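Analysis of the macromolecular model
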Amino acid sequence: MAVSGQRRRPVVALYERIADAVHDGTYPPGSTLPSEPKLAAELGVSRPALREALLLLQEDGLLTVRRGVGRTVNDRPPRRGFEHVRPIEELIGVGTPLRVRALLRTVEEPTDFTTQHLLAPARAELRFWESLLTGEGTAAALSHEWAAADELLDRVHPEFARALRAAEARAGQGAASMLSVLLGASRETALTAHSGITATLLGRRRGDQLGRPADTPAVLVTQVVRVGETPVLAAKHMLPTGAPALPVLQSH
(Lines give C-alpha, C1' and ligand atoms only; values in the text may rest on other atoms or scores of the structure.)
Protein backbone atom coordinates (compact mmCIF):
# COMPACT_ATOMS: atom_id res chain seq x y z
CA MET A 1 0.00 0.00 0.00
CA ALA A 2 1.35 3.41 -0.93
CA VAL A 3 2.19 5.76 1.93
CA SER A 4 1.28 9.42 1.60
CA GLY A 5 3.97 12.05 1.35
CA GLN A 6 2.82 13.77 4.54
CA ARG A 7 3.28 10.53 6.49
CA ARG A 8 6.64 9.75 4.90
CA ARG A 9 8.29 13.15 5.51
CA PRO A 10 9.13 12.39 9.19
CA VAL A 11 10.54 9.02 8.13
CA VAL A 12 12.85 10.64 5.56
CA ALA A 13 14.07 13.21 8.08
CA LEU A 14 14.59 10.47 10.66
CA TYR A 15 16.51 8.34 8.16
CA GLU A 16 18.82 11.31 7.54
CA ARG A 17 19.35 11.94 11.26
CA ILE A 18 20.39 8.36 11.95
CA ALA A 19 22.51 8.13 8.77
CA ASP A 20 24.28 11.35 9.79
CA ALA A 21 24.94 9.88 13.25
CA VAL A 22 26.46 6.78 11.64
CA HIS A 23 28.71 8.78 9.34
CA ASP A 24 29.86 11.28 11.99
CA GLY A 25 30.80 8.48 14.42
CA THR A 26 28.00 8.90 16.96
CA TYR A 27 27.17 5.27 16.16
CA PRO A 28 30.56 3.91 14.98
CA PRO A 29 31.00 0.75 12.85
CA GLY A 30 30.28 -2.40 14.87
CA SER A 31 28.31 -0.56 17.55
CA THR A 32 24.83 -1.62 18.59
CA LEU A 33 22.00 0.89 18.45
CA PRO A 34 19.89 1.46 21.56
CA SER A 35 16.67 -0.54 21.78
CA GLU A 36 13.71 0.81 19.80
CA PRO A 37 11.94 2.28 22.87
CA LYS A 38 15.11 3.95 24.10
CA LEU A 39 16.12 5.26 20.66
CA ALA A 40 12.61 6.58 20.00
CA ALA A 41 12.71 8.42 23.32
CA GLU A 42 16.20 9.83 22.63
CA LEU A 43 15.16 11.09 19.19
CA GLY A 44 11.70 12.24 20.28
CA VAL A 45 9.86 10.27 17.59
CA SER A 46 7.18 7.61 17.40
CA ARG A 47 8.18 3.97 17.31
CA PRO A 48 6.33 3.25 14.01
CA ALA A 49 8.23 6.05 12.25
CA LEU A 50 11.50 4.89 13.80
CA ARG A 51 10.89 1.29 12.77
CA GLU A 52 10.26 2.32 9.15
CA ALA A 53 13.42 4.46 9.07
CA LEU A 54 15.46 1.61 10.55
CA LEU A 55 14.16 -0.77 7.90
CA LEU A 56 15.23 1.64 5.16
CA LEU A 57 18.68 1.99 6.74
CA GLN A 58 18.92 -1.80 6.86
CA GLU A 59 17.96 -2.04 3.16
CA ASP A 60 20.60 0.56 2.27
CA GLY A 61 23.37 -1.38 4.00
CA LEU A 62 24.03 0.83 7.02
CA LEU A 63 22.55 -1.53 9.61
CA THR A 64 22.33 -5.26 10.20
CA VAL A 65 19.91 -7.06 12.51
CA ARG A 66 21.56 -9.74 14.66
CA ARG A 67 19.40 -12.14 16.61
CA GLY A 68 19.88 -11.69 20.32
CA VAL A 69 21.95 -8.54 19.79
CA GLY A 70 19.79 -6.02 17.98
CA ARG A 71 20.61 -3.56 15.22
CA THR A 72 24.31 -3.01 14.67
CA VAL A 73 26.14 -0.58 12.41
CA ASN A 74 27.89 -2.38 9.56
CA ASP A 75 31.69 -2.47 9.68
CA ARG A 76 31.86 -0.63 6.36
CA PRO A 77 28.70 1.42 6.00
CA PRO A 78 28.34 2.81 2.46
CA ARG A 79 29.45 6.39 1.96
CA ARG A 80 26.92 8.97 1.01
CA GLY A 81 26.60 9.37 -2.72
CA PHE A 82 23.79 7.46 -4.39
CA GLU A 83 21.83 7.71 -1.12
CA HIS A 84 20.44 10.90 -2.68
CA VAL A 85 18.78 10.30 -6.04
CA ARG A 86 20.05 12.78 -8.64
CA PRO A 87 19.38 13.16 -12.37
CA ILE A 88 22.11 11.65 -14.53
CA GLU A 89 22.73 15.02 -16.23
CA GLU A 90 23.67 16.51 -12.86
CA LEU A 91 25.55 13.48 -11.59
CA ILE A 92 28.02 13.30 -14.48
CA GLY A 93 28.13 17.01 -15.29
CA VAL A 94 31.45 18.52 -14.25
CA GLY A 95 30.70 21.88 -12.65
CA THR A 96 27.74 22.48 -14.96
CA PRO A 97 24.93 19.96 -15.59
CA LEU A 98 24.87 18.42 -19.04
CA ARG A 99 22.27 19.61 -21.50
CA VAL A 100 19.38 17.26 -22.27
CA ARG A 101 18.22 17.03 -25.90
CA ALA A 102 14.98 15.14 -26.45
CA LEU A 103 15.30 12.55 -29.21
CA LEU A 104 11.99 10.78 -28.65
CA ARG A 105 8.96 11.21 -26.42
CA THR A 106 6.41 8.49 -27.01
CA VAL A 107 4.26 5.71 -25.51
CA GLU A 108 5.16 2.07 -26.04
CA GLU A 109 4.26 -1.41 -24.92
CA PRO A 110 6.40 -3.11 -22.26
CA THR A 111 9.78 -4.53 -23.22
CA ASP A 112 11.58 -7.33 -21.38
CA PHE A 113 13.41 -4.65 -19.39
CA THR A 114 10.29 -2.76 -18.30
CA THR A 115 8.32 -5.93 -17.65
CA GLN A 116 11.06 -6.99 -15.25
CA HIS A 117 11.76 -3.67 -13.55
CA LEU A 118 8.40 -1.86 -13.69
CA LEU A 119 6.31 -5.03 -13.29
CA ALA A 120 4.27 -3.81 -16.25
CA PRO A 121 1.45 -6.02 -17.56
CA ALA A 122 1.71 -7.15 -21.18
CA ARG A 123 -0.71 -4.62 -22.70
CA ALA A 124 0.24 -1.62 -20.57
CA GLU A 125 1.16 1.70 -22.19
CA LEU A 126 4.36 3.20 -20.81
CA ARG A 127 5.87 6.59 -21.45
CA PHE A 128 9.30 6.27 -23.06
CA TRP A 129 11.82 9.11 -23.28
CA GLU A 130 15.04 8.89 -25.24
CA SER A 131 17.47 11.74 -24.58
CA LEU A 132 20.98 12.72 -25.62
CA LEU A 133 23.10 14.37 -22.94
CA THR A 134 25.72 16.78 -24.23
CA GLY A 135 28.41 18.97 -22.75
CA GLU A 136 30.76 21.40 -24.50
CA GLY A 137 29.38 20.32 -27.87
CA THR A 138 30.16 16.62 -27.28
CA ALA A 139 27.67 13.80 -26.79
CA ALA A 140 28.34 12.40 -23.32
CA ALA A 141 25.54 9.90 -22.70
CA LEU A 142 22.41 8.36 -24.18
CA SER A 143 19.49 7.97 -21.79
CA HIS A 144 16.40 5.75 -22.07
CA GLU A 145 13.72 6.23 -19.40
CA TRP A 146 10.35 4.62 -18.86
CA ALA A 147 7.58 5.62 -16.44
CA ALA A 148 5.09 3.20 -14.94
CA ALA A 149 1.62 3.10 -16.48
CA ASP A 150 -0.56 6.17 -15.88
CA GLU A 151 -3.16 4.18 -13.94
CA LEU A 152 -0.53 3.09 -11.42
CA LEU A 153 1.07 6.55 -11.19
CA ASP A 154 -2.31 8.18 -10.65
CA ARG A 155 -2.69 5.92 -7.64
CA VAL A 156 0.78 5.90 -6.03
CA HIS A 157 2.31 9.19 -7.23
CA PRO A 158 -0.26 11.47 -8.94
CA GLU A 159 2.09 14.48 -8.76
CA PHE A 160 4.58 12.63 -11.00
CA ALA A 161 1.83 11.69 -13.45
CA ARG A 162 0.73 15.33 -13.71
CA ALA A 163 4.31 16.56 -14.05
CA LEU A 164 4.99 14.13 -16.92
CA ARG A 165 1.92 15.32 -18.80
CA ALA A 166 2.91 18.95 -18.26
CA ALA A 167 6.49 18.29 -19.44
CA GLU A 168 5.26 16.65 -22.63
CA ALA A 169 2.86 19.54 -23.25
CA ARG A 170 5.87 21.88 -23.11
CA ALA A 171 7.73 19.92 -25.81
CA GLY A 172 10.11 22.17 -27.70
CA GLN A 173 10.53 24.59 -24.77
CA GLY A 174 13.61 22.92 -23.30
CA ALA A 175 14.07 19.31 -22.31
CA ALA A 176 14.73 17.60 -19.00
CA SER A 177 15.28 13.98 -18.06
CA MET A 178 12.34 11.98 -16.75
CA LEU A 179 14.19 11.51 -13.45
CA SER A 180 14.53 15.28 -13.11
CA VAL A 181 10.76 15.60 -13.60
CA LEU A 182 10.19 12.89 -11.00
CA LEU A 183 12.41 14.60 -8.43
CA GLY A 184 10.71 17.94 -9.01
CA ALA A 185 7.34 16.30 -8.33
CA SER A 186 8.53 14.42 -5.23
CA ARG A 187 9.21 17.11 -2.64
CA GLU A 188 6.54 15.54 -0.43
CA THR A 189 7.21 11.93 -1.46
CA ALA A 190 10.13 9.73 -0.40
CA LEU A 191 11.93 7.85 -3.16
CA THR A 192 14.36 4.95 -3.09
CA ALA A 193 16.52 3.81 -5.99
CA HIS A 194 18.84 0.99 -6.94
CA SER A 195 21.37 1.11 -9.77
CA GLY A 196 23.52 -1.43 -11.57
CA ILE A 197 26.67 -0.81 -13.61
CA THR A 198 28.01 -3.10 -16.34
CA ALA A 199 30.63 -2.86 -19.09
CA THR A 200 29.49 -3.23 -22.70
CA LEU A 201 29.98 -1.95 -26.27
CA LEU A 202 27.88 0.78 -27.86
CA GLY A 203 26.65 -1.13 -30.90
CA ARG A 204 25.83 0.49 -34.22
CA ARG A 205 22.61 2.37 -33.44
CA ARG A 206 23.79 3.85 -30.15
CA GLY A 207 27.19 4.53 -31.68
CA ASP A 208 25.52 6.54 -34.45
CA GLN A 209 23.53 8.54 -31.90
CA LEU A 210 26.64 9.28 -29.84
CA GLY A 211 28.94 9.85 -32.81
CA ARG A 212 31.22 6.94 -31.88
CA PRO A 213 32.24 3.65 -33.53
CA ALA A 214 30.02 0.66 -32.79
CA ASP A 215 32.83 -1.14 -30.95
CA THR A 216 33.44 1.75 -28.51
CA PRO A 217 33.59 0.46 -24.89
CA ALA A 218 30.88 1.90 -22.67
CA VAL A 219 29.37 1.73 -19.22
CA LEU A 220 25.68 0.87 -18.95
CA VAL A 221 23.93 2.18 -15.85
CA THR A 222 20.49 0.74 -15.11
CA GLN A 223 18.29 2.40 -12.53
CA VAL A 224 14.95 1.72 -10.87
CA VAL A 225 13.23 4.32 -8.68
CA ARG A 226 10.44 3.37 -6.28
CA VAL A 227 7.78 4.94 -4.14
CA GLY A 228 7.59 2.60 -1.19
CA GLU A 229 7.69 -0.86 -2.78
CA THR A 230 6.26 0.29 -6.11
CA PRO A 231 8.63 0.97 -9.05
CA VAL A 232 7.65 4.17 -10.87
CA LEU A 233 10.64 4.75 -13.18
CA ALA A 234 13.22 2.55 -14.89
CA ALA A 235 16.14 3.77 -16.95
CA LYS A 236 19.20 2.79 -18.94
CA HIS A 237 22.05 5.28 -19.33
CA MET A 238 24.84 4.54 -21.82
CA LEU A 239 28.15 6.32 -21.12
CA PRO A 240 30.85 5.78 -23.78
CA THR A 241 34.57 5.92 -23.21
CA GLY A 242 35.59 9.53 -22.66
CA ALA A 243 32.30 10.55 -21.00
CA PRO A 244 32.55 12.57 -17.77
CA ALA A 245 33.31 10.49 -14.68
CA LEU A 246 30.39 8.94 -12.81
CA PRO A 247 30.84 9.57 -9.04
CA VAL A 248 29.32 6.39 -7.63
CA LEU A 249 30.69 7.11 -4.14
CA GLN A 250 31.24 10.54 -2.61
CA SER A 251 32.42 11.51 0.86
CA HIS A 252 29.96 13.28 3.14
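Residues numbered from 1 in each chain as written. Predicted model: local features only at pLDDT ≥ 70, side-chain atom pairs only at ≥ 80, totals over all residues. Heavy atoms only, no water.

**Comments concerning the overall build of the protein chain**
So the rule is basically this: To qualify as a helix, a DSSP run of H or I must reach at least 4 residues; to qualify as a strand, a run of E must reach at least 2; elements of each kind are numbered from the N terminus. Contacts are residue-level and defined by heavy atoms, with any inter-residue pair within 4.5 Å sufficient. Each accessible area value is a Shrake-Rupley result obtained with a 1.4 Å probe; residue values ignore everything except the protein chains displayed when judging cover.
When its secondary structure is counted, the protein chain shows 9 helices and 8 strands. In the protein chain, of all internal contacts separated by at least 6 residues, the share reaching a separation of at least 24 is 62%. A total accessible area of about 13,400 Å² is found for the protein chain, and carbon and sulfur atoms account for 51% of it.

**Topic: the pattern of salt bridges**
Short version of the rule: For this analysis, a salt bridge means a side-chain nitrogen from Lys or Arg found within 4 Å of a carboxyl oxygen belonging to Asp or Glu.
Here the structure, examined in full by the defined rule, presents 8 salt bridges. One salt bridge in this structure joins Arg47 and Glu36, with 3.7 Å as the shortest N-O distance. Pair noted here: Arg47 is in helix 3 (residues 47-59) and Glu36 is in helix 2 (residues 36-43), with a separation of 11 residues, a long-range link. Overlapping salt bridges bring together Arg127, Asp150, Asp154, Arg165 and Glu168 as one network.

**Brief notes about the sheet that holds strand 6 (residues 192-201)**
Across a sheet, strands are paired by hydrogen bonds formed along the backbone, either parallel or antiparallel in direction. Rule in force here: Paired strands, in this sense, are two strands between which DSSP finds at least two bridges. Geometry is summarised by axes, namely lines fitted to C-alpha atoms with helices restricted to the contacting stretch, and by angles between N-to-C directions that run from 0 to 180 degrees.
Reading across the sheet, the 6 strands line up as 3-4-5-8-7-6 and stay open at both edges, with antiparallel pairing between neighbours. Of all strands in the sheet, those bounded by a partner on one side alone are strand 3 (99-108) and strand 6. Ignoring strand direction, the axes of neighbouring strands in this sheet form an average angle of 15°. Contacts from helix 7 (residues 158-169) reach strand 4 (126-135), strand 5 (138-147) and strand 8 (230-240), with the element oriented near 60° to strand 4.

**Some details on helix 7**
The cut-off we apply is this: Expected helix span is given by 1.5 Å per residue-to-residue step, counting one fewer step than there are residues. Categorising residues by exposure relies on relative accessible area from a 1.4 Å probe, with only protein chains included: less than 20% of the type maximum marks a residue as buried, more than 50% marks it as exposed, and the intermediate range marks it as partly exposed. In this description, one arc is meant: the one made by directions from the helix axis to the C-beta atoms.
For helix 7, which comprises 12 residues, the first-to-last C-alpha distance of 17 Å matches the rise-based estimate of 16 Å (1.5 Å per residue) to within 8%. Residues of helix 7 that are buried: Phe160, Ala161, Leu164 and Ala167. Down the axis, helix 7 shows its buried residues gathered within 130° of arc, on one side only. On its buried face, helix 7 is in contact with strand 4, strand 5, helix 6 (150-156), helix 8 (178-184) and strand 8.

**Here we look at the nonpolar core**
What counts, and what does not: In this description, a nonpolar core means a group of buried Ala, Val, Leu, Ile, Met, Phe, Trp, Tyr and Cys residues linked to one another through side-chain atoms lying within 4.5 Å.
Leu50, Leu54 and Leu57 are the most contacted members of the largest nonpolar core, which has 21 residues in total. Those elements giving two or more residues to this core turn out to be helix 1 (5-23), helix 2 and helix 3. For this core, the leading source of residues is helix 1, giving 7 residues. Residues Leu153, Val156, Phe160 and Ala161 belong to the second largest nonpolar core, which totals 20 residues.

**Quick notes on the environment of Leu62**
By the element assignment, Leu62 lies in the loop between helix 3 and strand 1 (63-66). Classification of Leu62 by relative accessible area gives buried; the value is 0%.

**Description of unusual backbone geometry**
At Leu119, a position not held by glycine, the phi torsion is positive, near 55°. Relative to the assigned elements, Leu119 resides in the loop between helix 5 (112-117) and strand 4. Overall, the relative accessible area of 59% leaves Leu119 in the exposed class.

**What about the confidence of the model for the protein chain?**
For clarity, the threshold we go by: Every residue is assigned a pLDDT by the predictor, reflecting its confidence on a scale from 0 to 100.
Put simply, the protein chain has an average pLDDT of 84, and 86% of its residues get 70 or more. Confidence, read as mean pLDDT per element, is least for helix 1 in the protein chain (71) and greatest for strand 8 (95). Across residues 1-8, where pLDDT falls below 50, the model places 8 contacts with residues more than four positions away in sequence or in other chains.

**Remarks on the environment of Ala163**
Residue position: Ala163 is located in helix 7. For Ala163 and Met178, which are 15 residues apart along the polypeptide, the C-alpha to C-alpha distance reads 9.6 Å. In this structure Ala163 touches Val181 and Ala185, once residues within four positions along its chain are discounted.

**What to know about the pairing of strand 5**
The buried count for strand 5 comes to 9 of 10 residues, which makes it a mostly enclosed element. Hairpin geometry of strand 4 and strand 5 is characterised by an intervening segment of 2 residues between the two adjacent antiparallel strands and by a positive phi of about 55° at Glu136. When strand 5 meets strand 8, the two strands line up antiparallel, connected through 6 bridges. By the bridge assignment, His144 is partnered in strand 8 with Lys236.

**Describing the environment of Trp129**
Convention followed: What qualifies as a polar contact is a pair of N or O atoms within 3.5 Å, subject to a donor-acceptor requirement within protein and to the restriction that residues adjacent in sequence count only when both atoms come from side chains.
With respect to the element layout, Trp129 can be found in strand 4. In this structure Trp129 comes out as buried when scored by relative accessible area, which is 2%. In contact with Trp129, not counting residues within four places along its chain, are Leu104, Arg105, Ser143, His144, Glu145, Leu164, Ala167, Glu168, Ala176, Ser177, Met178 and Val181. Among the polar contacts listed, one links the side chain of Trp129 to the side chain of Glu168, at a separation of 3.0 Å.

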